[in-house]
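# An overview of the molecular structure
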Amino acid sequence: MSRMLAIAVAVGALCVTGCSGGPESTIAPAAQGSPGAPADARASLEAQLGFPPKPDAQTAQAYLADLRAIDPALVAGDPESLVNRGRDQCRDLKARPEKEWAKVAGQRFSTPQAPQGVGEATATRIIQVVRTRLCPTF
């Protein structure tokens, strides 16, 4: 399941069980209007769903450089999207059996030359980069 879909399902479930139908807000007064509150809540929810934290800029650049070393075509897309794919892969490392990791990574990461996804050897190398850069404790 993609990160965005997992978050949407969790938010929907929370709303079904915890959203009031009345005019009063259920958000803590200190969090209302707080510019950091939505991002903090999202990060907390992502962590609960099994995603690693968003990497800092230096880590993200190292991750992208490692992908480029595997195949420059891997980094042809949006850098933020590539980081999110890696974070999605991290979640799969926790949620799926190891024998499925390369298949899922192969489908998740594509290039213009391989629009349906990369092969198993490349996917295995991508998993090593993902684990090293984005989720070393997974």
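Please read these numbers as outputs of a predicted model, since none were measured by experiment.

### Some remarks on the overall build of the chain
Across its full length, the chain holds six helices and zero strands. Mapped in sequence order, the helices and strands of the chain form the string α-α-α-α-α-α. Counting only residues that meet the buried cut, the chain has 35% of its 138 residues in that class. Looking at the chain alone, contacts between residues at least 24 apart form 64% of all its contacts between residues at least 6 apart. When the accessible surface of the chain is summed, it comes to about 8,300 Å², and 56% of that surface belongs to carbon and sulfur atoms.

### What about the state of the cysteines?
Counted by the stated rule, this structure contains one disulfide. Covalently, Cys90 is tied to Cys135 through a disulfide, its sulfur atoms 2.1 Å apart. Across the disulfide from Cys90 to Cys135, rotation about the S-S bond amounts to roughly -90°, and the bridge is consequently left-handed. Remark: Cys135 occurs in the segment after α6 (120–133) and Cys90 occurs in helix α4 (residues 79–95); sequence separation between them is 45 residues. Both residues of the pair, Cys90 and Cys135, count as buried.

### A word on the packing of aromatic side chains
Inspection of the entire model under this criterion finds zero aromatic pairs. Residue placement shows Lys94 over the ring face of Phe138; its charged tip is 4.4 Å from the ring centre.

About the cut-offs
Residues numbered from 1 in each chain as written. Predicted model: local features only at pLDDT ≥ 70, side-chain atom pairs only at ≥ 80, totals over all residues. Heavy atoms only, no water. Helix = DSSP H or I, 4+ residues; strand = E, 2+ residues; numbered from the N terminus. Buried < 20%, exposed > 50% of the residue type's maximum accessible area, 1.4 Å probe, protein only. Contact = heavy atoms within 4.5 Å. Areas by Shrake-Rupley, 256 points an atom, 1.4 Å probe, with all protein chains shown as cover. Disulfide = S-S within 2.5 Å. Phe/Tyr/Trp six-rings, centres within 6.5 Å; stacked < 30°, edge-to-face > 60°. Lys NZ or Arg CZ within 6 Å of the ring centre and 35° of its normal.

Bear in mind that shape data such as this cannot, by itself, settle questions of function.
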